[in-house]
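Now for the letters of each chain:
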Protein chains: 2
Amino acid sequence: MMGPAGIRTLTEPQDMAAYLQGVRGEVGRSPVVFLPETTDQVADCVRHCGQAGRPFVAQSGNTGLVGASVPDDVGDTAVLSLSRLRETFELDLANRSLRVSAGFRLSEVNDRLAEHGLFFPIDLGSDPMIGGMVATNTGGGRFLRYGDVRRNTLGLTVVLDDGVVLRLGSSVRKDNTGPDWKHLHIGSSGWFGTITEAILNLEPVVAEQATALVIPSSDEAMLTLLRHLETRAGPLLSAFEFMSRAAMGHAFRHAASLKNPFPRGEIPETALLVELSRPTRAPWDTPLQDVLEAVLAEAWDIADAPVADAFFGRPQEIWALRHALSEGVKAAGPLIAFDLGFTRDKVIAFRAAMTGLLGQNFPMVEICDFGHLGDGGLHFNLVKRDGPLDDEFERSLRDCVMDQAVRAFGGSFSAEHGIGPKNDRYFRMFGQQSTDLLEQSMRAVQRRHL
Amino acid sequence: MMGPAGIRTLTEPQDMAAYLQGVRGEVGRSPVVFLPETTDQVADCVRHCGQAGRPFVAQSGNTGLVGASVPDDVGDTAVLSLSRLRETFELDLANRSLRVSAGFRLSEVNDRLAEHGLFFPIDLGSDPMIGGMVATNTGGGRFLRYGDVRRNTLGLTVVLDDGVVLRLGSSVRKDNTGPDWKHLHIGSSGWFGTITEAILNLEPVVAEQATALVIPSSDEAMLTLLRHLETRAGPLLSAFEFMSRAAMGHAFRHAASLKNPFPRGEIPETALLVELSRPTRAPWDTPLQDVLEAVLAEAWDIADAPVADAFFGRPQEIWALRHALSEGVKAAGPLIAFDLGFTRDKVIAFRAAMTGLLGQNFPMVEICDFGHLGDGGLHFNLVKRDGPLDDEFERSLRDCVMDQAVRAFGGSFSAEHGIGPKNDRYFRMFGQQSTDLLEQSMRAVQRRHL
Ligand SMILES: Cc1cc2nc3c(=O)[nH]c(=O)nc-3n(C[C@H](O)[C@H](O)[C@H](O)COP(=O)(O)OP(=O)(O)OC[C@H]3O[C@@H](n4cnc5c(N)ncnc54)[C@H](O)[C@@H]3O)c2cc1C
Ligand SMILES: Cc1cc2nc3c(=O)[nH]c(=O)nc-3n(C[C@H](O)[C@H](O)[C@H](O)COP(=O)(O)OP(=O)(O)OC[C@H]3O[C@@H](n4cnc5c(N)ncnc54)[C@H](O)[C@@H]3O)c2cc1C
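About the thresholds
- Residues numbered from 1 in each chain as written.
- Chains lettered and ligands numbered in written order.
- Predicted model: local features only at pLDDT ≥ 70, side-chain atom pairs only at ≥ 80, totals over all residues.
- Heavy atoms only, no water.
- UniProt positions renumbered as here; feature names shortened; annotations may be inferred.
- Pairing = 2+ DSSP bridges.
- Helix = DSSP H or I, 4+ residues; strand = E, 2+ residues; numbered from the N terminus.
- Axes fitted to C-alpha atoms, helices over the stretch in contact; angles between N-to-C directions.
- Buried < 20%, exposed > 50% of the residue type's maximum accessible area, 1.4 Å probe, protein only.
- Contact = heavy atoms within 4.5 Å.
- Phe/Tyr/Trp six-rings, centres within 6.5 Å; stacked < 30°, edge-to-face > 60°.
- Lys NZ or Arg CZ within 6 Å of the ring centre and 35° of its normal.
- Near = heavy atom within 4 Å.
- Nonpolar A, V, L, I, M, F, W, Y, C, P; charged D, E, K, R; others polar.
- Domains from an automatic or database assignment.
- Arc of directions from axis to C-beta.
- Polar contact = N/O pair within 3.5 Å; in protein donor to acceptor, adjacent residues only side chain to side chain.
- Areas by Shrake-Rupley, 256 points an atom, 1.4 Å probe, with all protein chains shown as cover.
- Buried area = accessible area lost by both parts, 1.4 Å probe.
- Salt bridge = Lys/Arg side-chain N within 4 Å of Asp/Glu carboxyl O.

- Per an unreviewed UniProt entry, the recorded name for chain A is FAD linked oxidase domain protein, and the organism is Mameliella alba.
- Reading the Cofactor (unreviewed entry) entry of the UniProt record for chain A gives the comment "FAD".

The structure is reproduced here in structure tokens:
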């Protein structure tokens, strides 16, 4: 028997196939996929694996971008899929909170919440499940307004590798009765346990939004504009996304139906997607479209005049461009993608430095970047123009970019995707501190007798 | 010699006195107060204490309410005061972040930031220092809008008890390169290390606010109103504070200069302080006072008509009443104070149940409560009306309240003040889980080889 009694398991290659293939093309091998339906069943699986000496990998929506949600190709690692773990969906309306099983998809959670005027405010281009979102601490495009999964998690149920079930935190928002252990598990890629349930903070749904494409007058002006918007539009500001000409160009070439909003179709060097939104449109409110126009008009007059031009349009159309960048760049040629994080001013300095450095040392790559400038996130994507990638080229290019990002610009080599086979080389290179921290932190905890 | 070389120390009783007395009347004894001025000096002190086998207690602003910032009366515990640790104050304007030493007072931080239009958005009635704020994860009155210290902390420097200095996190907002160890130290009352520096998220200062006193039509109506405000005023809502008649009555009796805003001076059963605010007052914005009036007028018409009456006034005057509650209640007689946290609907159910239970079993106490209803925080304060408190009475009363709060209503026995001598009885009673969690979490971490 391949698993503990009463738990659905898959062992046929054709049944397992979908669980063995990741979104970045990685394919693993495995003897068995477990599909537990309750927290107790997860504990059974985990104990079973422990007793059998079988490694396992937790998988929720399998949309992760670092190759960590599928097994490696050795073939002895089981897949612990949380996708059937759907036992709990408990909405507390007055508290704006939801206790939900790991196997619910983000889209389904938000569909079910819509009739109550609430949503889980993490916004991204894929449709992950709650368990994987907690494990990777998903960020996304509205981070600037709503924060990441960590900020919106009140409690967790975690199954440790010895089968012990921990309930960490609760729906109570103000609770300082000891160390807050749930944070050990948020964004830790499942290293310390398997998440089976989360208690989430919910926000009122967006009822009105206004969006513009803004052409900054210079790279430095982007930050001036951001500060202006943060002050003048205040908490209405919900996105401030950066798009390079190269990325936009590939998106237009790839997605034929995409409307080019620029005069004479001339794509500017950089464009910013600026969005204001709020959960209501009350009679006393100035329409957001007018607010956005007014606040950008003001920006023409402030010092350094950060705005060169601005185009307004329906939010869906403008976001369509932003959402098409990823696929467009992928279609342009062999892709070397980076998910970097910086302090906000360093995003611009890093890009400038890399333009010079890559131009000299890797003239065959094109920088096609875009990102969440409002929170310092940069999807630094490179396309190789002169034919296929080989491993050695890719590695030397990656090493060069990572070294600059981390050593020279104090950035993060994984802003929002977590750690896995696709980037663990850099975890080992720059994350040494993390191993030390683990040991030091543990020793500090051990010294203290509660 | 009482300490390591080069570090300012106090050993004379008159010099040490201020460091030995807490705000809740507790007075401890100590052989020495250390006043390090740098992180390295803190490490020296900590190592010195370790070698000498001397316990120490970290102290920052000494405004903590659970007796944990002063030594006990045994007399062998040193005070490690962070109040002179002021080496770092590095503002990153573009990133809206500040690297700051533990010894800066909140008021000084915000005074220095004012000229840049930024502030550290934690708001409370005392003036603590950054180190103590991180150690207690301070909440306060604008939690509903800005969150707690945890939400606004990007990085920490911590000195462990063996003198090792850890730098956890950084100014980079998006960073998921491994477990986020800084959370081990936020809100942990200094158990695992001494905080010497923090990197804080800053927000644009408030430029416009509008405040009202609202009389709810029933207790349940308070939550209906809260949900209405969260939807219609959205991110403008920055405070939703609950005040009981008893607490307001004592405030008016105690603070002679306080204006009674109610018609004929008749204090209602409960009043809510509702505040809207934003970082700007732009020409296109409807004045917040008008927004507040309109959104409350709407509330008259919605189902359950949650608003019975509303009074508008200058924010300072209305907040003066809220801020006078604490002292007013203290002056009314012997005080037994609780800092409780609940899910939002349970706040009201708990109050109703306690009114019955205390009326029967402790008829000599008056419930004079108030709190942060918007986030489920309740300062459940009891005044004994028939003469002085004795220890046994106080303990049985406390046990009764805590048992109901935690066991019957799933609440937190320390919503925002942390753990210390004033509540460690309940940490031992209900926090058993915490000890288990510590051990279980540590074992989970140990099993995993990075
Ligand atoms: C088109 C596209 C756009 C994306 N955009 C963004 C973006 O803007 N921001 C962003 O942050 N991410 C983005 N991602 C990445 C990805 O969607 C997120 O990381 C997502 O949250 C992962 O959730 P998942 O359920 O798919 O997890 P999986 O892919 O199944 O797993 C991810 C990791 O978490 C672990 N894990 C999964 N479930 C559990 C569990 N229950 N307990 C413990 N560990 C577990 C896995 O072992 C693995 O290490 C994008 C991905 C795609 C394909
Ligand atoms: C009138 C009044 C109103 C208040 N209102 C609120 C409120 O609304 N919300 C709220 O949350 N709190 C409130 N408090 C409580 C208190 O002000 C906060 O807990 C405050 O953040 C404590 O900071 P401090 O610098 O005074 O810390 P201290 O009192 O010096 O220390 C508090 C705890 O932290 C530890 N500690 C201190 N510094 C460090 C350090 N550098 N490293 C490690 N551990 C350390 C101490 O050992 C102790 O356990 C109030 C207090 C008063 C007197």
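**As for the sheet that holds strand 6 (residues 97-101) of chain B**
Residues and elements named next belong to chain B.
Alright, step 1. The sheet built from five strands is open, its strands ordered 5-6-10-8-9 with antiparallel pairing. In the strand order of this sheet, the two ends are held by strand 5 (89-92) and strand 9 (165-169), each with one partner. Mean inter-strand twist for the sheet, computed between neighbouring axes without regard to direction, equals 10 degrees.
Alright, step 2. Two strands pair when backbone bridges link them, and strand 5 and strand 6 are joined in this way by four bridges, in the antiparallel orientation.

**Observations regarding the UniProt feature "domain: FAD-binding PCMH-type" (unreviewed entry) in chain A**
Alright, step 1. Look at the UniProt record and you will see "domain: FAD-binding PCMH-type" (unreviewed entry) annotated at residues 26-205 of chain A.
Alright, step 2. The distance from the first to the last C-alpha atom of residues 26-205 of chain A is 36 Å, and the span holds 19% helix and 24% strand.

**Here we look at the side chain of Ser188 of chain B**
Alright, step 1. In this fold, Ser188 of chain B is placed in the loop between strand 9 and strand 10 (194-201).
Alright, step 2. According to the relative accessible area criterion, Ser188 of chain B is buried, its value standing at 2%.
Alright, step 3. Here Ser188 of chain B is in contact with Pro179 of chain A together with Ala135 of chain B, once residues within four sequence places are set aside.

**So, the packing of aromatic side chains**
Alright, step 1. One pass over the structure, following the stated rule, counts 26 aromatic pairs over all chains.
Alright, step 2. Look at Phe262 of chain A and Phe311 of chain A: their rings are 5.6 Å apart centre to centre, the planes differ by 85 degrees, and that puts the pair in the edge-to-face class. Residue Phe262 of chain A is found in the loop between helix 7 (245-254) and strand 14 (270-278), and its partner Phe311 of chain A is found in strand 15 (residues 307-313); the two are separated by 49 residues along the sequence. This pair shows no difference in class: Phe262 of chain A is buried, exactly as Phe311 of chain A is.
Alright, step 3. Each member of the aromatic cluster is reached from another via a ring pair, and the members are Phe338, Phe342, Phe350, Phe380 and Phe409 of chain A.
Alright, step 4. The ring of Phe89 of chain B has Arg112 of chain B sitting right over it, with the charged end atom 4.5 Å from the ring centre.

**A closer look at the sheet that holds strand 4 (residues 78-81) of chain B**
All names here are of chain B.
Alright, step 1. Pairing within the open sheet is mixed, and its four strands lie in the order 1-2-4-3. Each of the sheet's edge strands pairs with one partner strand only, and the pair in question is strand 1 (9-10) and strand 3 (56-59).
Alright, step 2. In the sheet, strand 1 pairs with strand 2 (residues 33-34) via two bridges, with the strands oriented antiparallel. Its bridge partner lying in strand 2, Thr9 is registered against Phe34.
Alright, step 3. Running at roughly 165 degrees to strand 4, helix 2 (residues 39-52) makes contact with strand 2, strand 3 and strand 4 of the sheet.

**Some points on unusual backbone geometry**
Alright, step 1. A positive phi angle, close to 50 degrees, is found at Arg96 of chain A, a residue other than glycine.
Alright, step 2. Among the structural elements, Arg96 of chain A can be located in the loop between strand 5 (89-92) and strand 6 (97-101).

**Some remarks on the site of ligand 1**
Residues and elements named next belong to chain A.
Alright, step 1. Taken together, 32 residues lie near ligand 1, and Ala58, Ser60, Thr63, Ser126 and Thr138 sit nearest.
Alright, step 2. Listed by contribution, the elements that provide at least two residues to the shell around ligand 1 are strand 3 (56-59), helix 4 (130-136) and strand 10 (194-201).
Alright, step 3. Element by element, the count of residues in the shell around ligand 1 is highest for helix 4, at five residues.
Alright, step 4. Looking at the shell around ligand 1, its residues break down into 11 nonpolar, 20 polar and one charged.
Alright, step 5. Counting residues domain by domain, the shell around ligand 1 receives three or more from each of domain 1 (17-81) and domain 2 (89-204).

**With respect to helix 3 (residues 106-114) of chain A**
Residue and element names in this part refer to chain A.
Alright, step 1. Of all the positions in helix 3, only Leu106, Val109, Asn110 and Leu113 are classed as buried. All buried residues of helix 3 fall inside an arc of 90 degrees around its axis, so they share one side.
Alright, step 2. The inward-facing, buried residues of helix 3 abut strand 5, strand 6, strand 7 (118-119) and helix 4.

**Section: the site of ligand 2**
All names here are of chain B.
Alright, step 1. Around ligand 2 lies a shell of 32 residues, among which Ala58, Ser60, Thr63, Ser126 and Thr138 are the nearest.
Alright, step 2. A distance of 2.7 Å separates an oxygen atom of ligand 2 from a polar backbone atom of Gly61.
Alright, step 3. Expressed as a share of its isolated accessible area of 970 Å², the protein-covered part of ligand 2 is 90%.
Alright, step 4. Those elements that place two or more of their residues in the shell around ligand 2 are strand 3, helix 4 (130-136) and strand 10.
Alright, step 5. No other element matches the five residues that helix 4 contributes to the shell around ligand 2.
Alright, step 6. Of the residues belonging to the shell around ligand 2, the class tally is 11 nonpolar, 20 polar and one charged.

**Examining the side chain of Ser277 of chain A**
Alright, step 1. Of note, Ser277 of chain A is situated in strand 14.
Alright, step 2. With residues up to four places along the chain from it excluded, the contact list for Ser277 of chain A reads Arg145, Val206, Glu208, Gln209, Leu236, Ser238 and Leu288 of chain A.

**Thoughts on the interface of chain B and chain A**
Alright, step 1. Contacts between the two partners involve 91 residues from chain B and, on the opposite side, 90 residues from chain A.
Alright, step 2. When chain B packs against chain A, the two sides together hide about 8300 Å² of surface, and 59% of this comes from carbon and sulfur.
Alright, step 3. Summed over the shared surface of chain B and chain A, the result is eight salt bridges.
Alright, step 4. Across the salt bridge formed by Arg96 of chain A and Glu230 of chain B, the nearest N and O atoms sit 2.7 Å from each other.
Alright, step 5. In this structure, the connection of chain B to chain A is made through 28 residue pairs in polar contact (both at pLDDT 80 or more).
Alright, step 6. Listed by contribution, the elements that provide at least two residues to the side of chain B that touches chain A are helix 5 (143-146), strand 9, helix 6 (221-232), helix 8 (288-301), helix 10 (344-361) and helix 13 (432-447) of chain B.
Alright, step 7. With 12 residues, helix 13 of chain B is the single largest residue contributor to the side of chain B that touches chain A.
Alright, step 8. Considered class by class, the residues forming the side of chain B that touches chain A number 35 nonpolar, 33 polar and 23 charged.

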